[in-house]
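Below are the chains, spelled out letter by letter.
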Amino acid sequence: MKLGIVGLPNVGKSTLFNAITKAGAQAANYPFCTIEPNTGVVPVPDSRLDALAQMFNPKKVTPAMVEFVDIAGLVKGASKGEGLGNKFLSHIREVDAIIHVVRCFEDENIIHVDGSVDPARDIEEINLELIFADLDTVTKRTDKAQKLVKSGDKKAVLESELGQALKAHLEAGKPARTYPVNAEEKEVLDSWFLLTDKPVIYAANIAEDDVATPADELPMTRQVTAIANAEGAQVFTISARIEEEIGAMDASEKQAFLTELGIGQSGLDRLIQASYQLLGLISFLTAGTDECRAWTITQGTKAPQAAGKIHTDFERGFIRAEIVAYADLMAQGSMNACKEKGLLRSEGKDYVMKDGDVTLFRFNV
């Protein structure tokens, strides 16, 4: 899973990136501080994996991983190459989902490129630049398709009709992800790699003093929530500065600090959970004395394809999957106990994997 962190300059993107990856990306108080995208890979927090490690005492514990990409601040005119626009937009094309950081705090010591803090305006500014870039792509695709329509090419007819309708949708200031499509149109749309078709999570970056305040009591975050709801996007509040402090703590300090703040979970944990939900992802688990590991798959993945995540030979020579639900394994205390109670199941090629399945694949190549 590759998540791109975007936003206007000086909204807290790089501070958030530093906090969640501890990668030390440069975060300074002037636009275009980030030029080349910084990348950092972080483990997905999963308490189930910790519990399995205690049960099996393996040589190695391997969590699922998420890659975060800190993309430089976009500015008005980026779609036309302003600032470092073209380069930034190409970086966005490469990610699975967008984390759009929106400044929701006042601080006279931190410059805002537009001179004032206005979440709704800032979101619109970024979204319009992405829409303009997509309009260019859709126009080119539509023009090309229209030239082929006369030849009787059915796909060209579909692309031409979809392109014209989508162009009107974008010109109305609406992102591609809000345009309703059927399965056939979705296949075409996916092949166009549009920026505004990517799933989005709005991260409302709030002041440290506002962390314990409910989001609906903060005027700026209410603006972000209203926009997200209208788009069918997700939104959550986060204080990049607080996350930076948490990132520097060890596990025991971190939990005490979170309890003191009254927020329970770190922003990183909530961000990853939101990203999994947004992209329709789940994790299955493998466990043994050599290794306990979490594997990320999309919801609806069948057992052979899940096996292929581990090794292509596992999918090619798939025989069956031996599965026990994580909750059953914890309740019984061991695999043997699960076998005795009939809780260890043998599943075939049509089995759809579930989140938390503890799995052993049988295969023969």
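The rules we used
- Residues numbered from 1 in each chain as written.
- Predicted model: local features only at pLDDT ≥ 70, side-chain atom pairs only at ≥ 80, totals over all residues.
- Heavy atoms only, no water.
- Helix = DSSP H or I, 4+ residues; strand = E, 2+ residues; numbered from the N terminus.
- Contact = heavy atoms within 4.5 Å.
- Areas by Shrake-Rupley, 256 points an atom, 1.4 Å probe, with all protein chains shown as cover.
- Pairing = 2+ DSSP bridges.
- Axes fitted to C-alpha atoms, helices over the stretch in contact; angles between N-to-C directions.
- Core = buried A, V, L, I, M, F, W, Y, C linked by side-chain atoms within 4.5 Å.
- Buried < 20%, exposed > 50% of the residue type's maximum accessible area, 1.4 Å probe, protein only.
- Phe/Tyr/Trp six-rings, centres within 6.5 Å; stacked < 30°, edge-to-face > 60°.
- Lys NZ or Arg CZ within 6 Å of the ring centre and 35° of its normal.
- Parallel < 35°, antiparallel > 145°, perpendicular 65-115°, else oblique.
- Nonpolar A, V, L, I, M, F, W, Y, C, P; charged D, E, K, R; others polar.

Student: Residues and numbers for the overall build of the protein, please.
Tutor: For the protein, the count of helices and strands is 14 helices and 12 strands. Excluding contacts between residues fewer than 6 apart, the proportion of contacts in the protein whose partners are at least 24 apart in sequence is 68%. Element-wise, carbon and sulfur atoms account for 49% of the exposed surface of the protein, whose accessible area totals about 17700 Å².

Student: Lay out the sheet that holds strand S4 (residues 65–70) with the relevant residues and their values.
Tutor: On the basis of which strands lie adjacent, the open sheet formed by six strands has the order S2-S4-S1-S5-S6-S7 and mixed pairing. Across the chains shown, the open sheet's two edge strands, defined by having one partner strand only, are strand S2 (38–43) and strand S7 (234–238). Averaged over neighbouring strand pairs, the angle between their axes works out to 25° when direction is ignored. As paired elements, strand S5 (residues 97–104) and strand S6 (residues 200–206) share seven bridges and run parallel to each other. In the sheet register, Arg103 faces S6, and the bridge partner there is Asn205. Set on the sheet, helix H4 (residues 119–149) makes contact with S5 and S6; between it and S5 the angle comes to about 150°.

Student: Provide a residue-level description of the nonpolar core, including the pertinent values.
Tutor: If you look at the biggest cluster of nonpolar residues, it comprises 62 residues, and the most contacted ones within it are Phe68, Ile92, Tyr202 and Ile272. Listed in part, the 14 residues of the second largest apolar core include Ile282, Trp295, Ala307 and Phe361.

Student: Can you break down the packing of aromatic side chains residue by residue, with the values?
Tutor: Per the stated rule, a full pass over the model turns up four aromatic pairs. Ring geometry for Phe284 against Trp295: centres 6.3 Å apart, planes inclined by 15°, an arrangement best described as stacked. Of this pair, Phe284 sits in strand S8 (residues 281–286) while Trp295 is found in strand S9 (residues 291–298), placing the two residues 11 residues apart along the sequence. The ring centre of Phe105 lies 4.6 Å from the NZ or CZ of Arg103, which sits over that ring. Across the ring face of Trp295, the terminal group of Arg293 is positioned such that the distance to the ring centre comes to 4.0 Å.

Student: Which residues make up the environment of Gln299, and what are the values?
Tutor: Among the secondary structure elements, Gln299 is positioned in the loop between S9 and helix H11 (303–310). Expressed as a C-alpha distance, the spacing of Gln299 and Gln277, which sit 22 residues apart in the sequence, is 9.7 Å. If sequence neighbours within four positions are ignored, Gln299 has contacts with Gly280, Leu281 and Ile282.

Student: Outline unusual backbone geometry, listing residues and values.
Tutor: Of note in the backbone geometry, Asn57 takes a positive phi value of approximately 45° without being a glycine. With respect to the helices, strands and loops of the structure, Asn57 is situated in the loop between helix H2 (47–56) and strand S3 (60–62). With a relative accessible area of 64%, Asn57 lands in the exposed category. You will see that Phe193, though not glycine, has its phi angle at about 50°, which is positive. Tracing the chain through its elements places Phe193 in the loop between helix H6 (183–192) and S6.

Student: Give a detailed account of H11, specifying residues and quantitative values.
Tutor: Every buried residue of H11 is listed here: Ala303, Pro304, Ala306, Ala307 and Gly308. Those residues of H11 that are buried are in contact with S8, S9, helix H12 (312–316), strand S10 (318–325) and strand S12 (357–363).

Student: How would you explain H2 if you had to name every residue and give the values?
Tutor: All buried positions along H2 are accounted for by Arg48, Leu49, Ala51, Leu52, Ala53 and Phe56. Positive backbone phi, at 45°, marks Asn57, one or two positions downstream of H2.

Student: Can you lay out the environment of Gly264 for me, pointing to particular residues and giving the numbers?
Tutor: Summarising the element assignment, Gly264 is placed in the loop between helix H9 (251–261) and helix H10 (267–279). In this structure Gly264 comes out as partly exposed when scored by relative accessible area, which is 44%. Setting aside residues no more than four positions away along its own chain, Gly264 makes contact with Gln255 and Leu258.

Student: Outline the packing of H4 against helix H7 (residues 219–231), listing residues and values.
Tutor: How two helices sit against one another is set out by the angle between their axes and by the gap between those axes. Following both chains from N to C, one finds H4 and H7 inclined at 40°, their axes separated by 8 Å at the closest point. Judged by the angle between their axes, H4 and H7 are oblique. Contacts between H4 and H7 involve Pro119, Ala120, Ile123 and Asn127 from the first element and Met220, Gln223, Val224, Ile227 and Glu231 from the second. Its residues placed into classes, the contact of H4 with H7 shows six nonpolar, two polar and one charged.

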